[in-house]
Amino acid sequence: NFSDIIDFYKPDKKKKKEKKKSAWTIDLQNITLSSGEVVYRDAKVGSCFDLKQLAIAIPQIHFSNQKTDVGLDLEFANGGNLALKLLYSIEKNSYDLHIDLKKFDISSIHPYLQQFLNISQLKGRLSTNLNLHGNLNHILEITGNGNVNLTQFSATLSNEQPLGNIDNLQVNIENIDTKNNVYHI
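No experiment lies behind these values; they were computed from the predicted model shown.

### Quick look at the overall build of the protein
Here's step 1: The helix and strand tally for the protein stands at two helices and nine strands.
Here's step 2: The linear arrangement of helices and strands in the protein, starting from the amino end, is α-β-β-β-β-β-α-β-β-β-β.
Here's step 3: Out of the 185 residues belonging to the protein, those deemed buried represent 28%.
Here's step 4: Residue pairs in contact within the protein that sit at least 24 positions apart in sequence constitute 45% of those at least 6 positions apart.
Here's step 5: As displayed, the protein offers around 13,500 Å² of accessible surface, 55% of which is attributable to carbon and sulfur atoms.

### So, the nonpolar core
Here's step 1: L74, F76, L82, F104, I106 and F153 are the most contacted members of the largest nonpolar core, which totals 18 residues.
Here's step 2: The contacts of L82, once residues within four sequence positions are left out, are L72, D73, L74, F76, I99, D100 and L101.

### Remarks on the packing of aromatic side chains
Here's step 1: Enumeration over the complete set of coordinates arrives at two aromatic pairs.
Here's step 2: Residues F76 and F104 carry aromatic rings whose centres are separated by 4.9 Å and whose planes lie at 65 degrees to one another, so their mutual orientation is edge-to-face. Remark: F104 occurs in strand β5 (residues 94–105) and F76 occurs in strand β3 (residues 67–76); sequence separation between them is 28 residues.

### Considerations on unusual backbone geometry
Here's step 1: Its identity is not glycine, yet K103 carries a phi of approximately 55 degrees, on the positive side.
Here's step 2: With respect to the helices and strands, K103 occurs in strand β5.
Here's step 3: Within the chain, E160 stands out as a residue other than glycine whose phi angle is a positive 70 degrees.
Here's step 4: Inspection of the secondary structure puts E160 in the loop between β7 (138–157) and β8 (162–177).

### Quick notes on the pairing of β5
Here's step 1: Examined bridge by bridge, strand β4 (residues 81–89) and β5 share nine bridges and lie antiparallel to one another. Bridge pairing in β5 places L87 opposite D96.
Here's step 2: Adjacent in sequence and paired antiparallel, β4 and β5 are bridged by four residues, among which N93 carries a positive phi angle near 60 degrees.
Here's step 3: In this structure, β5 lies alongside strand β6 (residues 119–135), joined through 10 bridges in antiparallel fashion. Across the sheet, residue I99 finds its bridge partner in β6, namely L130.

### Some remarks on the pattern of salt bridges
Here's step 1: Inspection of the entire model under this criterion finds four salt bridges.
Here's step 2: The closest approach of N and O atoms between K52 and E37, which form a salt bridge, is 3.1 Å. A residue pair is termed long-range when its members are at least 10 positions apart, and K52 in strand β2 (residues 47–62) and E37 in strand β1 (residues 27–42) qualify at 15 residues.
Here's step 3: On the basis of relative accessibility, which here comes to 31%, the residue K52 falls in the partly exposed class.
Here's step 4: In this structure, the salt-bridge partner of D100 is K102, at a minimum N-O distance of 3.7 Å.
Here's step 5: You can call D100 buried: its relative accessible area is 18%.
Here's step 6: Connected through shared salt-bridge partners, E37, D50 and K52 make up one network.

Rules and cut-offs
Residues numbered from 1 in each chain as written. Predicted model: local features only at pLDDT ≥ 70, side-chain atom pairs only at ≥ 80, totals over all residues. Heavy atoms only, no water. Helix = DSSP H or I, 4+ residues; strand = E, 2+ residues; numbered from the N terminus. Buried < 20%, exposed > 50% of the residue type's maximum accessible area, 1.4 Å probe, protein only. Contact = heavy atoms within 4.5 Å. Areas by Shrake-Rupley, 256 points an atom, 1.4 Å probe, with all protein chains shown as cover. Core = buried A, V, L, I, M, F, W, Y, C linked by side-chain atoms within 4.5 Å. Phe/Tyr/Trp six-rings, centres within 6.5 Å; stacked < 30°, edge-to-face > 60°. Pairing = 2+ DSSP bridges. Salt bridge = Lys/Arg side-chain N within 4 Å of Asp/Glu carboxyl O.

Below, the structure is given as structure tokens:
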């Protein structure tokens, strides 16, 4: 009988195979790049970022329950430097990011701001020391603290009238929690 053949080859509900979690872990260690240089040109707005002494240090990348540790250091050709330290958990999709920006020449971002603002000249140095924590599943929910410092700032309107000058502006961020709308500055 045809139904007997079908019943014979029908999967047995009692013998379901259980999926086992893999015991494999992947752990890459001691990845480094030193003395690199990257030049980024944005032809659309006419900007150029020249990153010198680019150094990337990745002590460990874990594809398991441990945090991945990544460090990035670079110098900007027109002044200033940036150091980033990232700890990332692939299982929780969470991160801890430390940003240390020193004396970044903000004239580099003038071509981008000029698209929206009527500014002919922008000068100044930006420094930050920030600690940010979050989860990539909820990218707008960030907690953090640190400080931001703007020195020797000046902006000039297109008609050559000064918009403003600031010798030194220091902002201390005690605590930010965007999920709970907490901003202690």
